[in-house]
Amino acid sequence: MSVTAALRAEMVALLKELKMPTVRECYEDEANRARAETLSYERYLLELARREAETRRVNRIERMLRQSRLPPDKTLATFDLDRLPLRVQQQIAILREGAFLDNRENILAFGNPGSGKTHLLAALGNELIQQGRRVLFCHCALLVQDLLLAKEELKLPRMLKRLERFEALIIDDIGYVEQSRDEMEVLFTLLAQRYERGSVLLTSNLPFSQWERIFKDPMTTAAAIDRLVHHSVILELNVDSYRIQHAKSKTPRRAAGAVRTSKNPEPKKRQAPKKTQNET
Ligand code: ADP
Ligand code: MG
C-alpha cells in the first residue's frame, strides 16, 4: 500500500470512528478545491465543519418530524392564513417563533369542525420542529387509550416521563369522543403533570362551558381548565368550515359548466346538493 493510500485508509477509519460521514465523503473533493482556490487551512476545516453540521441538522429535523407523528401535508405552506380572523393571524406570527415553549405556555384552539384547528396546530408543530424543537402530535382518543394501557401495566409514570421529553404536546380533538371516568382520569393526570413543565397545544370543538362532558364532574373540570388556561394563548377560529366552503365554491363552477352541455337540462337542481353532501 502506498503512503497516500495508507493515509487515506487511516483517515476514513478515523472519520468513521468519530461518526463524521459527511466529512468522510467530501474531505478529498474539498481539499482539491481548497488547493485550487488556495484557501487557508482554517477555511478548509471550516468548510468541512459546516458541511457536517448542516447534514446533521437536516437529518435531525427529518428524524424529529418522523417521531412527531405530525400529518406531513399540514404545514403553513399549505394553509391559507388569510382565512383566519386578523387576531389569530397576529397570534400565529408570534407563536411560530417558539418563545411560548420556553415559558411553558399552552395553546388552546377552538372553533367549528372544519375551521382549520388541526391543520393550524400541526403546521405550527412543523414550524417548531424546523427550529429544532421537540414536538409530538396525538389524537386525544388514541393518546387516552395509550395512557390507560400504560396505567394497567403500571407503566403510567414511565409514559408520562417519556412525554415530558417533548416541549410541545399537541392533543388533537379533546372531547370529541365521550370518555369514561378511567379515561378522563388519565387525561387529567397527564395535564396536571405537564402543568408548568411543558406546553400543551390542544384543539377542541367544545367550548369550556361544555367541558364537563370531558371531565365528568365540576371540580375536575374546573381544575383541568384552570391549569390549561393559567399560562395560555387562546385561538378562536370563528370561521366557517373550510371543507364546506370549498365544496360550495366548487359547486357553482361545476353547475355552470354543466349548464352549457345540452345533455344536462337541469344541472343546478340535481348537482349542487349532491356535491355539497359528498364533500362535507
Ligand atoms: P378542524 O380541525 O377545525 O376540524 P381541519 O384542520 O381538519 O379542521 O381542516 C379541515 C380540512 O380543511 C383539512 O383538510 C384542512 O387541511 C383544510 N383547511 C382548513 N382550513 C384551511 C386553511 N385556512 N387553509 C388551507 N386548508 C385548510
Ligand atoms: Mg380537527
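Residues numbered from 1 in each chain as written. Chains lettered and ligands numbered in written order. Predicted model: local features only at pLDDT ≥ 70, side-chain atom pairs only at ≥ 80, totals over all residues. Heavy atoms only, no water.

## Overview of the packing of helix α7 (residues 140-152) against helix α8 (residues 156-164)
Two quantities define a packed helix pair, namely the angle between the helix axes and the distance between the axes. Between α7 and α8, the least distance of the axes is 7 Å, while the angle of their chain directions is 140 degrees. The angle between α7 and α8 falls in the class oblique. Across from Leu143, Asp146, Leu147, Ala150 and Lys151 in α7, the residues of α8 making contact are Leu156, Met159, Leu160 and Leu163. (Axes fitted to C-alpha atoms, helices over the stretch in contact; angles between N-to-C directions. Helix = DSSP H or I, 4+ residues; strand = E, 2+ residues; numbered from the N terminus. Parallel < 35°, antiparallel > 145°, perpendicular 65-115°, else oblique. Contact = heavy atoms within 4.5 Å.)

## Examining empty space enclosed by the protein
One pass over the full model with this rule turns up 1 cavity of 30 Å³ or more. Forming the boundary of the largest cavity are Arg104, Asn106, Leu191, Arg194, Tyr195, Glu196, Gly198, Val200, Arg227, Leu228 and His231. Those elements giving two or more residues to the lining of the largest cavity turn out to be α9 (181-194) and α11 (218-230). (1 Å grid on protein atoms, 1.4 Å probe; cavity = no way out; pocket = protein on both sides within 12 Å on 5 of 7 lines; lining within 4 Å. Points joined across faces, edges and corners; volume = space filled by probe spheres on them.)

## With respect to the site of ligand 1
With respect to spatial proximity, 15 residues lie near ligand 1, and among them Asp80, Gly114, Lys117, Thr118 and His119 are the closest. In the environment of ligand 1, an oxygen atom lies 2.9 Å from a nitrogen or oxygen atom belonging to the side chain of lysine 74. Here an oxygen atom of ligand 1 sits 3.0 Å away from a polar atom, N or O, in the main chain of glycine 116. Protein coverage of the free-state accessible area of ligand 1, which is 560 Å², stands at 86%. (Near = heavy atom within 4 Å. Polar contact = N/O pair within 3.5 Å; in protein donor to acceptor, adjacent residues only side chain to side chain. Areas by Shrake-Rupley, 256 points an atom, 1.4 Å probe, with all protein chains shown as cover.)

## So, the packing of helix α1 (residues 3-17) against helix α2 (residues 21-36)
At a minimum axis distance of 8 Å, the contact between α1 and α2 shows a crossing angle of 150 degrees. Facing α1, whose interface residues are Arg8, Met11, Val12, Leu15 and Lys16, α2 presents Val23, Arg24, Tyr27 and Glu28. When grouped by side-chain class, the residues that make up the contact of α1 with α2 number 5 nonpolar, no polar and 4 charged. (Nonpolar A, V, L, I, M, F, W, Y, C, P; charged D, E, K, R; others polar.)

## What to know about the environment of valine 239
Relative to the helices and strands, valine 239 is located in the loop between β5 (232-237) and α12 (242-259). Through-space distance from the C-alpha of valine 239 to that of glycine 116 is 8.7 Å; in sequence the pair is 123 residues apart. Not counting the four nearest positions on each side in its chain, valine 239 is found in contact with Arg83, Leu84, Pro85, Asn112 and Ser115.

## Things to note about the layout of surface pockets
As a volume, the largest pocket reaches approximately 420 Å³. Taken together, 16 residues line the largest pocket, and the ones lying closest to its centre are Gly114, Gly116, Lys117, His119 and Arg243. Elements that contribute at least two residues to the lining of the largest pocket include exactly α6 (117-130) and α12. Here the residues of the lining of the largest pocket are counted per class, giving 3 nonpolar, 7 polar and 6 charged.

## Some words on the nonpolar core
Ranked by size, the top nonpolar core spans 33 residues in total, and within it Leu147, Ile171, Trp211 and Phe215 carry the most contacts. The contacts of leucine 147, once residues within four sequence positions are left out, are Leu156, Met159, Leu160, Leu163, Val186, Leu187 and Leu190. One finds Ile92, Leu101, Ile170 and Leu237 within the second-largest nonpolar core, a separate group that totals 27 residues. (Core = buried A, V, L, I, M, F, W, Y, C linked by side-chain atoms within 4.5 Å. Buried < 20%, exposed > 50% of the residue type's maximum accessible area, 1.4 Å probe, protein only.)

## Side note on the pairing of β5
By the alternation rule, side chains of β5 split into Val233, Leu235 and Leu237, which are all buried, and Ser232, Ile234 and Glu236, of which none is buried. Strand direction decides the pairing type here: strand β1 (residues 106-111) and β5, joined by 6 bridges, are parallel. Counterpart to phenylalanine 110 in the pairing with β5 is glutamate 236. (Pairing = 2+ DSSP bridges.)

## Digging into the pairing of strand β3 (residues 168-172)
The buried fraction of β3 amounts to 5 of the 5 residues, a majority that puts the element mostly inside the structure. Of the two faces of β3, both are covered, the one formed by Ala168, Ile170 and Asp172 as well as the one formed by Leu169 and Ile171. Of the strand pairs in this sheet, strand β2 (residues 135-139) and β3 are connected by 5 bridges, and their pairing is parallel. Residue pairing for β3: leucine 136 is matched across the bridge by leucine 169. Of the pairings in the sheet, the one linking β3 to strand β4 (residues 199-204) comprises 4 bridges and is parallel in character. Bridging across to β4, isoleucine 170 finds its partner in leucine 201. Remark: the β3/α9/β4 crossover connection has right-handed handedness. (Right-handed = clockwise from strand over helix to strand, strands pointing away.)

## Points about the side chain of glutamate 52
Here glutamate 52 shows up in helix α3 (residues 41-68). Relative accessible area serves as the criterion here: at 4%, glutamate 52 is assigned to the buried category. The contact partners of glutamate 52, leaving out residues within four places of it in the chain, are Lys19, Met20, Pro21, Thr22 and Val23.

## Overview of the sheet that holds β4
Read across the sheet, 5 strands follow the order β2-β3-β4-β1-β5 without closing on themselves; strand pairing throughout is parallel. The open sheet is flanked by β2 and β5, the only strands paired with a single partner. The sheet shows a mean angle of 15 degrees between the axes of neighbouring strands, taken without regard to direction. Docked against the sheet, α6 engages β1, β2, β3, β4 and β5, running at close to 155 degrees with respect to β4. Here α9 sits on the sheet and contacts β3 and β4; the angle it forms with β3, its principal contact strand, is near 150 degrees.

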